[in-house]
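# Summary of the model geometry
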Amino acid sequence: MSIRIVLADDHVLVRNGIKALLADVPDLQVIAEASNGEEAISLVASHQPDILIADIRMPVLNGLETTQKLKIEHPQTKVLILSMHDSDEYVLEAARRGAYGYLPKDIDKTEFVKAIQTVAEGAKFFSGSVSQILVTKFLELDRRFSGITPQEEIHLTRREKQVLKMIVKGMTNKEIADQLEKSVRTIETHRFNLMKKLRVKNLAELSLKVKDMGYLLS
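I will try to describe carefully the structure that is included in this document.

Scanning the protein from terminus to terminus reveals 10 helices and six strands. Residues classed as buried in the protein amount to 40% of the 218 residues present. Of the roughly 12300 Å² of accessible surface on the protein, a fraction of 53% belongs to carbon and sulfur atoms.

Here's what the structure looks like:
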């Protein structure tokens with residue numbers, strides 16, 4: 001089945017370039033073109049394409065506004081942003097507003113075609129440099145959720161890491177003390193310090209935190 005595409009870019013040369021690039025690709029069909037976001041929405045409404053390939057910077061309605069509007073009014077059409085602007089702000093905002101993909105305009109043909117096919121199947125596609133922005137943001141949010149900000153790092157001593165590994169394995173304080181040839185009181189102190197550093201209240205929370213932040217045991 002052919003993947004039906006609407007192009008939205010205020011530069012005719014860019015639209016012609018995209019059409020020429022895709023002309024010899026089987027199952028990809030550019031069915032309409034728009035020079036601004038408002039025209040793009042109208043064409044999507046009338047043609048019901050599989051994908052809208054849109055620029056960020058467009059008159060009347062820009063790519064972000066168009067993406068958000070289509071997500072509400074025509075969710076069956078997936079938006080793939082193709083832009084020369086790859087700042088964190090644009091990438092993250094495009095993802096928030098419902099874009100299925102974000103590509104730089106200097107992307108090569110092979111990856112461009114792969115992106116279109118991936119998005120048409122309902123999956124997300126963000127090019128390497130763009131995906132790194134999203135990964136960085138996700139990790140930042142994950143740290144916040146875990147109660148650890150990017151400015152904070154958990155520093156464990158070699159002995160604390162050793163004890164932590166044993167705790168996660170389910171060993172008791174006495175078993176750890178016997179293996180390390182330390183007193184039970186010493187192991188209890190290590191356990192208390194670990195709980196405090198990791199901001200957890202019990203063994204279950206401790207195990208979950210270590211699982212989410214595997215580098216603690218490296």
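Now, onward.
Now for unusual backbone geometry. Residues other than glycine seldom take positive phi values, yet Gln48 does so here, at roughly 50°. By the element assignment, Gln48 lies in the loop between α2 (37-47) and β3 (51-54).

Once that is clear, we can look at empty space enclosed by the protein. Applying the stated criterion across every chain yields a total of one cavity of 30 Å³ or more. Looking at the largest cavity, its volume works out to about 40 Å³. Leu7, Ala8, Asp9, Arg15, Ile18, Ile53, Ala54, Asp55 and Leu82 are the residues that line the largest cavity. For the lining of the largest cavity, the elements supplying multiple residues, two or more each, are β1 (3-8), α1 (12-22) and β3.

What follows deals with the packing of helix α8 (residues 173-180) against helix α9 (residues 184-198). Closest axis-to-axis distance for the α8/α9 pair is 8 Å, and the angle between their directions is 115°. The orientation of α8 with respect to α9, classified from their angle, is roughly perpendicular. Pair α8 / α9 crosses with right-handed handedness. Listed contacts from α9 to Asn173, Lys174, Ile176, Ala177 and Leu180 of α8 are Val184, Ile187, Glu188 and Arg191. Classifying every residue of the contact of α8 with α9 by side-chain character gives five nonpolar, one polar and three charged.

The next thing to look at is the sheet that holds strand β6 (residues 125-126). The sheet built from six strands is open, its strands ordered β2-β1-β3-β4-β5-β6 with parallel pairing. Bordering the open sheet on either side are β2 (28-34) and β6, each of which pairs with just one other strand. Both β1 and β3 contribute to a ladder of four bridges, which runs parallel. Bridge assignment links Leu7 to a residue of β3, and that residue is Ile53.

What follows deals with the packing of aromatic side chains. Applying the stated criterion across every chain yields a total of zero aromatic pairs. Just above the ring of Tyr100 sits the side chain of Lys124; from NZ or CZ to the centre is 5.1 Å.

A few words now on the pattern of salt bridges. Counted according to the given criterion, the structure contains 11 salt bridges. Measuring nitrogen to oxygen at the nearest pair gives 2.8 Å for the salt bridge that ties Glu33 to Arg15. Here Glu33, found in strand β2, pairs with Arg15, found in helix α1; they are 18 residues apart in sequence, far enough to count as distant. Among the salt bridges present, the one from Lys197 reaches Glu160, with a minimum N-O distance of 2.8 Å. In this pair, Lys197 sits in helix α9 while Glu160 sits in helix α7 (residues 158-168), placing the two residues 37 residues apart along the sequence. By relative accessible area, Lys197 is classed as partly exposed at 34%. The network of salt bridges with common partners includes Asp9, Asp55 and Lys105.

Conventions adopted
Residues numbered from 1 in each chain as written. Predicted model: local features only at pLDDT ≥ 70, side-chain atom pairs only at ≥ 80, totals over all residues. Heavy atoms only, no water. Helix = DSSP H or I, 4+ residues; strand = E, 2+ residues; numbered from the N terminus. Buried < 20%, exposed > 50% of the residue type's maximum accessible area, 1.4 Å probe, protein only. Areas by Shrake-Rupley, 256 points an atom, 1.4 Å probe, with all protein chains shown as cover. 1 Å grid on protein atoms, 1.4 Å probe; cavity = no way out; pocket = protein on both sides within 12 Å on 5 of 7 lines; lining within 4 Å. Points joined across faces, edges and corners; volume = space filled by probe spheres on them. Axes fitted to C-alpha atoms, helices over the stretch in contact; angles between N-to-C directions. Parallel < 35°, antiparallel > 145°, perpendicular 65-115°, else oblique. Left-handed = near helix turned anticlockwise from the far one by under 90°. Contact = heavy atoms within 4.5 Å. Nonpolar A, V, L, I, M, F, W, Y, C, P; charged D, E, K, R; others polar. Pairing = 2+ DSSP bridges. Phe/Tyr/Trp six-rings, centres within 6.5 Å; stacked < 30°, edge-to-face > 60°. Lys NZ or Arg CZ within 6 Å of the ring centre and 35° of its normal. Salt bridge = Lys/Arg side-chain N within 4 Å of Asp/Glu carboxyl O.

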